[in-house]
Amino acid sequence: MRVGGGWSRSSPRPFGARHLSALAFLTPLLAYLVAFYAYPLYRNLDLSLRDYTVRSFVQGDAPYSGWRNFSTVLHDPTFGPAMRHTMVFTLVSIVFQYAAGLALAVFFNRHFRLAATLRALFLIPWLLPLIVSASTWSWMFNSESGVVNYGLHLVGMDPVGWLTSPDWALVSVIVANIWIGIPFNLVILYSGLQNIPAELYEAAALDGAGGWQQFRRITFPLLRPVSAITVLLGLVYTLKVFDLIWIMTKGGPGDSSSTLATWSYQLGFGTLLPKFGPGAAVGNILILIALVFGLLYIRVQRRQET
């Protein structure tokens, strides 16, 4: 509607102007998604479908090989142990991180003196740079001068080759990863506990319910949606852990602590004659596994919203 030669405030803006404004706001986001997500994924897929060498990687004339790289890694003797280590590393880490995080969240939910200070201290593993945490655990698990073996010596036990023994290397990186992941579970679960009405606990106490009964009948069921999101996010993150394992053991000794993430790096960058195609294929398999859990997370989130 025209008022005094111009558009009135109540009239809608022209169709084209509205869409141009929306596009202007979306352009930075779209550029970011294309540059840092879509293009790297495309390049990784292209690497896995071509026979790349160092020369062809630079010149960009690698011949198309189809699914041969995927067949190569699936039939490689390292694939089975790497997949098994990835699953063990992920599942054991998630179970203990969630259990410890839930126990600490319930403990701090009592609002005692110094609770906020202690809760902040528990966040330190999450705030430290990962290279610092991994280096610290490497020193603690050192066979010769590590504090862990020193503690075993004090109680009369033989030292253990935590990072040099095939039987203990995977256990060592799992322990370090659990320690790093507990604060994340603590923060998310503690925030979920804040949304549970205190009146429910008061009513349960009046009915004679003890602490364990209150936890089993009130806390755990009402915390289930938050727990599902916490576990699913932890799964997606833990599947792709690379730097912690690489700093501590480099996937060794042998392949005793190798996962899909470390194996992908070893194939692509760990030798003088890198195998870019197979390395990218392993990376795509890992992406596919993480994508499955990511879609599961989206589905759980949508169910909670409805």
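Residues numbered from 1 in each chain as written. Predicted model: local features only at pLDDT ≥ 70, side-chain atom pairs only at ≥ 80, totals over all residues. Heavy atoms only, no water.

**Q** How would you sum up the packing of helix 4 (residues 79-108) against helix 12 (residues 224-239)? Please name residues and give values.
**A** Interhelical geometry of helix 4 versus helix 12 gives an angle of 145° and a closest axis separation of 10 Å. Relative to helix 12, the crossing made by helix 4 is right-handed. Every residue of helix 12 that contacts helix 4 at Thr-86, Met-87, Phe-89, Thr-90, Leu-91, Ser-93, Ile-94, Gln-97 and Tyr-98 is listed here: Ser-227, Val-231, Gly-234, Leu-235, Thr-238 and Leu-239. A breakdown of the residues in the contact of helix 4 with helix 12 according to their chemical character gives eight nonpolar, seven polar and no charged. (Axes fitted to C-alpha atoms, helices over the stretch in contact; angles between N-to-C directions. Helix = DSSP H or I, 4+ residues; strand = E, 2+ residues; numbered from the N terminus. Left-handed = near helix turned anticlockwise from the far one by under 90°. Contact = heavy atoms within 4.5 Å. Nonpolar A, V, L, I, M, F, W, Y, C, P; charged D, E, K, R; others polar.)

**Q** So what's going on with a nonpolar patch on the surface? Which residues, and what values?
**A** Together, Leu-114, Leu-118, Leu-121, Phe-122, Ile-124, Leu-128, Ile-131, Val-132, Trp-179 and Ile-247 give the surface a local cluster of nonpolar side chains, amounting to about 830 Å² of exposed area. Of all the elements in the fold, those that place two or more residues in the nonpolar patch are helix 5 (115-121) and helix 7 (130-140). Here Ile-124 lies in helix 6 (residues 124-127). The partly exposed category is assigned to Ile-124, whose relative accessible area is 39%. (Patch = residues over 30% accessible without salt bridge, like charges linked within 9 Å, V, L, I, M, F, W, Y side chains within 5 Å. Areas by Shrake-Rupley, 256 points an atom, 1.4 Å probe, with all protein chains shown as cover. Salt bridge = Lys/Arg side-chain N within 4 Å of Asp/Glu carboxyl O. Buried < 20%, exposed > 50% of the residue type's maximum accessible area, 1.4 Å probe, protein only.)

**Q** Before we move on, can you summarise the pattern of salt bridges with the specific residues and values?
**A** Under the defined criterion, the tally for this structure stands at three salt bridges. For Asp-46, the salt bridge goes to Arg-43, with nearest N and O atoms at 3.2 Å. Remark: Arg-43 and Asp-46 occur in helix 1 (residues 15-48); sequence separation between them is three residues, near one turn of the helix. A salt bridge links Asp-46 to Arg-50; the shortest N-O distance between them is 2.8 Å. Put simply, Arg-43, Asp-46 and Arg-50 are held in one network by salt bridges that share partners.

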